[in-house]
Amino acid sequence: MDMKRMLICESGATKADWRVVENGRQTARVLSEGINVSTMPMDAVESRIRKAAMELPEAEYDEIHFYMAGVATPPIRSAIENILKRDFKVSEVEVQNDLTGAARAACGHEPGIAAIMGTGSNSCYWDGEKIGLHIKSGGYILGDDGSASVLGRLFISDFIKGLVPAEIAEEYSKRFPSGYPEIVELVYHNSDPSAWLGSLCPFILSFYEHPYIKKLVDSHIQAFVDRSLKQYDIAKYPVGIIGGFGNALKDIIRPIFEDSGIRIRAFIPDPIEELIRYHSR
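Residues numbered from 1 in each chain as written. Predicted model: local features only at pLDDT ≥ 70, side-chain atom pairs only at ≥ 80, totals over all residues. Heavy atoms only, no water.

Draft legend 1. Layout of the packing of helix α3 (residues 98-107) against helix α13 (residues 272-280). It is the contact of α3 with α13, at a shortest axis distance of 8 Å, that shows an interaxial angle of 80°. As the angle between them shows, α3 and α13 are arranged roughly perpendicular. Facing α3, whose interface residues are Gly101, Arg104 and Ala105, α13 presents Glu274, Leu275, Tyr278 and His279. Tallied by class, the residues present in the contact of α3 with α13 amount to three nonpolar, two polar and two charged. (Axes fitted to C-alpha atoms, helices over the stretch in contact; angles between N-to-C directions. Helix = DSSP H or I, 4+ residues; strand = E, 2+ residues; numbered from the N terminus. Parallel < 35°, antiparallel > 145°, perpendicular 65-115°, else oblique. Contact = heavy atoms within 4.5 Å. Nonpolar A, V, L, I, M, F, W, Y, C, P; charged D, E, K, R; others polar.)

In C-alpha cells form, the structure reads like this:
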C-alpha cells in the first residue's frame, strides 16, 4: 500500500500547530507563531507560513489541510492556497476557516453545535458535513463573547475607569503595565491587541472567588450563551467546546450552560488531535 503523507495545521491567534501525518500516524510536529488573516496583513501571513515550512521536514505531501481564522472569502482562500503551494511540495491543498476545523473536531460527521472559546470566540451549527447556521462572532471589538480577549477587555476597561476593587487593582499594577498611556499603546498600537488582552486572563481568573471577578466572568460566559448559543437548536443538539480558554473554565462553564439547557458534548482544548482523526478515517 502506498504511503499517504498529510500536513495538517490548525492556527489561532497565539500559535499555529503543524502536524505531519503518515498513514494516520503523526511523524513530526512544529509549533510556530500564530497566523490569523483577519488581524494580519497578507505579507505577514506569508512570512509566518514560510518560516514554519523551513522548520518542517522537507518532504512531498499528498494533502495539506490548513485551518485559520479569517478565511472568509474566495480571494483570501485562494491567496493562502497559493502561498502553501509555493512553500510546500504538495498535490492537494484545502484551506478552511477555524470554525470549520472546530466543527470537524467537535462533531466529526455527526450534526451538532461547535463553540470556539479561545483567545477569540465563534460558534456554528454543523450538519455533519458543512456549517448549516453561523451566528456571526464580530471579533473582539464587536463581539467575541465568551473569549479570553473580551474578558481581558472588560477587565481593563473597568481598570482604567477605577471600577476594579482596590486590592485587585493594586495587584494588577505590580505585575502589568498600569499607566493609562501604556494601556492605550498596548491596545491601540499593538500588532495583536486581542492576544495581549487575552493574556490577562490567568491573572483575572486567579481572583475568581472575589465577588467582582465572579460576576465579571459569569456574566461574560452567560452573554455567549444568550447572544449566540441560544440561537441554535440547543434542545436537540449538544455543544462541543473547543479552545484552551473554554477548557480552563470548564468548571465555571458547566453549571452556566446546564442552567441554560445546554448539553455539553465535550471540552476539546486542542482541536488538532481530533482533526488528525477526522482526516485519517
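Draft legend 2. Layout of the environment of Ser228. Structurally, Ser228 is set in the loop between α10 (211-227) and β9 (239-242). In this structure Ser228 comes out as buried when scored by relative accessible area, which is 9%. The sequence separation of Ser228 and Trp126 amounts to 102 residues, and the corresponding C-alpha distance is 15 Å. The residues contacting Ser228, other than those within four sequence positions of it, are Ser123, Ile135 and Ala223. (Buried < 20%, exposed > 50% of the residue type's maximum accessible area, 1.4 Å probe, protein only.)

Draft legend 3. Seen up close, the pairing of strand β2 (residues 15-22). Among the eight residues in β2, seven count as buried, and that is most of the element. Sheet topology places strand β1 (residues 5-11) next to β2; seven bridges connect them, and they run antiparallel. Considered in β2, the bridge of Ile8 is made with Arg19. One ladder, built from eight bridges, connects β2 with strand β3 (residues 25-33); its direction is antiparallel. Paired with Trp18 across the two strands is Val30, which belongs to β3. Linking β2 to β3, which pair antiparallel, is a turn of two residues; within it Asn23 sits at a positive phi near 50°. (Pairing = 2+ DSSP bridges.)

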